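Fold and contact review
Chain by chain, the residues run as shown.
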Amino acid sequence: MAFETIRKPEDIRASAALNDEIRARFTWADARAMLTGLPGGKLNIAHEALDRHVAAGHGDDPAMTWLGRDGARRAFTYADLAGRTARFADVLRAHGLAPGDRVFGLMGREPDLVVAALGTLKAGMVFSPLFSAFGPEPIRTRMDIGGAAALVTTEALYRRKIAAWRTDLPSLKLVLIAGDDAPEGCVALGPAMAAASDDFAPVPMDPEDPALIHFTSGTTGKPKGAVHVHGAVAYHAMTGKYALEMRPGTRYWCTADPGWVTGTSYGIIAPLANRVHMTLVEEEYVLEVWLSILQDERIEVWYTAPTAIRMMMRAGEDIARPYDLSALRFLASVGEPLNPEAVVWGNRVFGRPFHDNWWQTETGGIVIANTQAMDIKPGSMGKPLPGQVAGIVERDGDGVRECAEGEIGELALRPGWPSMMRAYLHEEARYAKCFAGGWYLTGDLAMRDADGYYWFVGRADDLIKTSGHLIGPFEVESALIEHEAVAEAAVIGLPDETAGEVVRAYVCLNPGFEPSEDLEKSIRGHARGRLGPAVAPREVVFRKTLPRTRSGKIMRRLLKAREMGLPEGDISTLESDET
Ligand code: AMP
């Protein structure tokens, strides 16, 4: 069913950060002009996010309000965060870490995580966030690839997920534990911060110096570490303003977990670079809690995700009625396809539509967006932001063929924007494969209509998006075949009304094992223990054989087509060689 375009009233268009004139005249110099920089053409993300605001007299402005699960509330000004991040940087230095060293964060939505991320950057070191719901295996793989020198985590997470294998990672010199106590071999963050100095100045960095490593899944092989640089902050500042309507003082709430790229780029860096007042909420989705936060914190800009929106929709159209949500002026969504129904539903329930936008770990920031000034075609991801040149292409040998309007092809971008990844850590060939014919190929299938709006069609590869988390089937399959009963495994995503997709595994058993409910439970339990609940398959199905290509690779797409009753067509001839 097609939905009518949602037209924006003139007053909203006029108040939007990005109008047609800005779009037409935009250059990257405009984005860089949003920063202050450091002498000699240097810069530091932490300086742009915090210290420059303090230097400009905004030290007492509210920077972050943290809302804890138990009703706790802590407020931080820009001066507070500047001071704490300086202390954190000093702690790292005092323990012998040097610029370029990699510091990993494994924590939920906690103030300490924000301080650790920006403190690491302040010290000129590289920060890499990990999702705290990961099991020990994904954590260990990522810290190993990243050559982790330090880890910041909580005691509970350390004991459950790190302690057993810590000594196997020789690069790991320092484990900082939030709070006042730490297990043996770790350092308690509280006393270390208290003893540190808060006059640590941000280390001047070259715009091309690495700042962040965000891990993302591949369909084959290990996870990929996408490397992002300090200069990316120009893009975060600009897109925060243009795509998310951030202004100094805006009451802003990003619901993403900082263990993923959205929670860092738009949960920490973009809002602080725009001097907004952000809210950090420890609690996962609980309808009444979320609505109360929107009301009580007077949230103006809300950046959330389709899975959460779909959960809200299930609760009905009256959910917002008891709340005063009059402060809300901009709603946005990212991470998975946003159903057109959800856009229209948002418009009815909140008086504002959700503005879908598109990006991925590799792009570092929002690329395609429905901005405040645009009319919305429900179901479309919007249009490329200023500075971005997008296309729909088809790989053709070493080059590409550009697709016509309305034709489905791979979404491609002209490289060169500041927050584009600069490498996959230690994997040059995999990185090189992302480019062809002068384009960066995103791995997503999409279509552009006659008005220049982009429409998401699906992934061109086998990656799975479940509740907004990107999962590589290979990582799940590898954990499954560690189970003594499993000979081989194939993992696919199947459509789910709420989570977008759910992970399902197909396994063939080793001789001597017979399918049974107990065995299914045991295999699922094994996967949960290794991978964590967010990644492990929800269902395990026994099969005698799995479909394979001539060269022996498991054909996940054929399996999926069969499961969904789709025509197999030419899928069966596809030799998957994705990255
Ligand atoms: P990640 O790298 O984990 O952020 O995942 C990026 C992927 O999520 C994209 O390549 C898309 O497949 C999907 N995605 C992100 N935003 C959207 C959106 N607005 N609509 C549809 N899919 C999206």
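Residues numbered from 1 in each chain as written. Predicted model: local features only at pLDDT ≥ 70, side-chain atom pairs only at ≥ 80, totals over all residues. Heavy atoms only, no water.

An unreviewed UniProt entry annotates the protein as acetate--CoA ligase originating from Rhodovulum euryhalinum.

1. Section: the overall build of the protein
Tallying secondary structure elements over the protein gives 18 helices and 28 strands in all. By the compact-globule yardstick of 25 Å for 579 residues, the protein fits well, its C-alpha radius of gyration being 23 Å. On the principal axes, the C-alpha backbone points of the protein span a range of 70 × 60 × 55 Å. By residue count, 56% of the 579 residues in the protein fall in the buried class. When contacts within the protein are restricted to residue pairs at least 6 apart in sequence, those whose partners lie at least 24 apart make up 70%. As presented, the protein carries roughly 22,600 Å² of accessible surface, and 50% of it is formed by carbon and sulfur atoms. Here the protein holds 63 positive side-chain charges and 78 negative ones, and the gap between their average locations is 1 Å. (Helix = DSSP H or I, 4+ residues; strand = E, 2+ residues; numbered from the N terminus. Rg over C-alpha atoms; globule rule 2.2 N^0.38 Å. Buried < 20%, exposed > 50% of the residue type's maximum accessible area, 1.4 Å probe, protein only. Contact = heavy atoms within 4.5 Å. Areas by Shrake-Rupley, 256 points an atom, 1.4 Å probe, with all protein chains shown as cover. Lys, Arg positive; Asp, Glu negative; His and termini not counted. Charge placed at Lys NZ, Arg CZ, Asp CG, Glu CD.)

2. Brief notes about the sheet that holds strand β12 (residues 301-304)
One open sheet holds the 9 strands; their spatial order is β2-β1-β11-β10-β12-β13-β14-β15-β16, and the pairing between them is mixed. Since the sheet does not close on itself, it has two edges, and those belong to β2 (73-77) and β16 (383-384), each with one partner. Pairing between strand β10 (residues 251-254) and β12: 3 bridges, direction parallel. Bridging across to β12, Cys 254 finds its partner in Tyr 303. (Pairing = 2+ DSSP bridges.)

3. Observations concerning the site of the ligand
In the vicinity of the ligand, 17 residues are found, and the nearest of them are Asp 356, Asn 357, Thr 361, Arg 459 and Lys 465. Backbone polar atom of Gly 335 to a nitrogen atom of the ligand: 3.2 Å apart, as the coordinates give it. Here an oxygen atom of the ligand sits 2.9 Å away from a polar atom, N or O, in the side chain of Gln 360. Look at the ligand: alone it shows 490 Å² of surface, and the protein chains cover 95% of it. Among the secondary structure elements, those contributing two or more residues to the shell around the ligand are β14 (354-358) and β23 (454-459). No other element matches the 3 residues that β14 contributes to the shell around the ligand. (Near = heavy atom within 4 Å. Polar contact = N/O pair within 3.5 Å; in protein donor to acceptor, adjacent residues only side chain to side chain.)

4. Remarks on the sheet that holds strand β26 (residues 486-496)
Strand order in the open sheet made by the 3 strands is β26-β27-β28, with mixed pairing throughout. Edge positions in the sheet fall to β26 and β28 (539-542), since each of these pairs with one other strand and no more. Strand-to-strand twist across the sheet, computed as the mean angle between neighbouring axes with direction ignored, equals 30 degrees. Of the pairings in the sheet, the one linking strand β27 (residues 500-509) to β28 comprises 4 bridges and is parallel in character. Its bridge partner being in β28, Val 507 is matched across the sheet by Phe 542. The strands touched by helix α18 (residues 556-563) within the sheet are β26 and β27, with β26 carrying the most contacts at an inclination of about 55 degrees. (Axes fitted to C-alpha atoms, helices over the stretch in contact; angles between N-to-C directions.)

5. Observations concerning empty space enclosed by the protein
Under the defined criterion, the tally for this structure stands at 5 cavities of 30 Å³ or more. The calculated volume of the largest cavity comes to roughly 60 Å³. If you trace the largest cavity, you find it lined by Val 114, Cys 254, Ala 256, Pro 258, Gly 263, Gly 267, Ile 268, Met 278, Thr 279 and Leu 280. Going through the elements one at a time, α11 (261-273) and β11 (277-281) are the ones with two or more residues in the lining of the largest cavity. (1 Å grid on protein atoms, 1.4 Å probe; cavity = no way out; pocket = protein on both sides within 12 Å on 5 of 7 lines; lining within 4 Å. Points joined across faces, edges and corners; volume = space filled by probe spheres on them.)

6. Digging into the pairing of strand β13 (residues 330-334)
Counting buried positions along β13 gives 5 out of 5 residues, so the element sits mostly inside the fold. Alternating residues of β13 divide into Phe 330, Ala 332 and Val 334 and Leu 331 and Ser 333, and every residue in both groups is buried. Two elements, β12 and β13, share 4 bridges in a ladder whose sense is parallel. Looking across to β13, one finds that Thr 304 is bridged to Ser 333.

7. Side note on the packing of aromatic side chains
Counted according to the given criterion, the structure contains 20 aromatic pairs. With 6.2 Å between their ring centres and 75 degrees between their planes, Phe 26 and Tyr 242 make a pair best called edge-to-face. One end of the pair, Phe 26, is in the loop between α2 (20-25) and α3 (28-32); the other, Tyr 242, is in helix α10 (residues 233-244), and 216 residues separate them in sequence. We classify Phe 26 as buried; its relative accessible area is 12%. Given a relative accessible area of 8%, Tyr 242 falls into the buried group. Judged by centre distance (5.7 Å) and plane angle (85 degrees), the ring pair of Phe 131 and Phe 134 falls under edge-to-face. Judged by relative accessible area, Phe 131 falls into the buried class, the value being 6%. Assessed through its relative accessible area of 5%, Phe 134 is described here as buried. One aromatic cluster is present, built from ring pairs that chain together Trp 253, Tyr 285, Trp 290, Trp 302, Trp 345, Phe 350 and Phe 354. The ring of Trp 439 has Arg 414 lying over it, and the distance from NZ or CZ to the ring centre is 3.8 Å. (Phe/Tyr/Trp six-rings, centres within 6.5 Å; stacked < 30°, edge-to-face > 60°. Lys NZ or Arg CZ within 6 Å of the ring centre and 35° of its normal.)

8. Describing the environment of Gly 57
Locating Gly 57 in the fold gives a position in helix α4 (residues 45-58). Separated by 22 residues in sequence, Gly 57 and Ala 79 have C-alpha atoms that sit 9.6 Å apart.

9. Notes on the pattern of salt bridges
Summed over the entire model, instances satisfying the criterion amount to 43 salt bridges. A salt bridge links Arg 93 to Asp 90; the nearest nitrogen and oxygen atoms lie 3.1 Å apart. Residue Arg 93 and its partner Asp 90 are located together in helix α5 (residues 78-94), separated by 3 residues, close to a single helical turn. Notably, a salt bridge pairs Arg 310 with Glu 336, separated by 2.7 Å at the nearest N-O pair. (Salt bridge = Lys/Arg side-chain N within 4 Å of Asp/Glu carboxyl O.)

10. Considerations on the UniProt feature "domain: AMP-dependent synthetase/ligase" (unreviewed entry) in the protein
Residues annotated in UniProt with the feature "domain: AMP-dependent synthetase/ligase" (unreviewed entry) correspond here to residues 53-425. Between the C-alpha atoms that bound residues 53-425 there is a distance of 33 Å. The span itself is 31% helix and 24% strand. (UniProt positions renumbered as here; feature names shortened; annotations may be inferred.)

11. Considering the nonpolar core
Counting 95 residues, the largest nonpolar core has Tyr 252, Leu 272 and Tyr 303 as its most contacted members. Formed by 45 residues, the second largest nonpolar core is a distinct cluster that contains Ile 145, Leu 151, Cys 186 and Ile 213. (Core = buried A, V, L, I, M, F, W, Y, C linked by side-chain atoms within 4.5 Å.)

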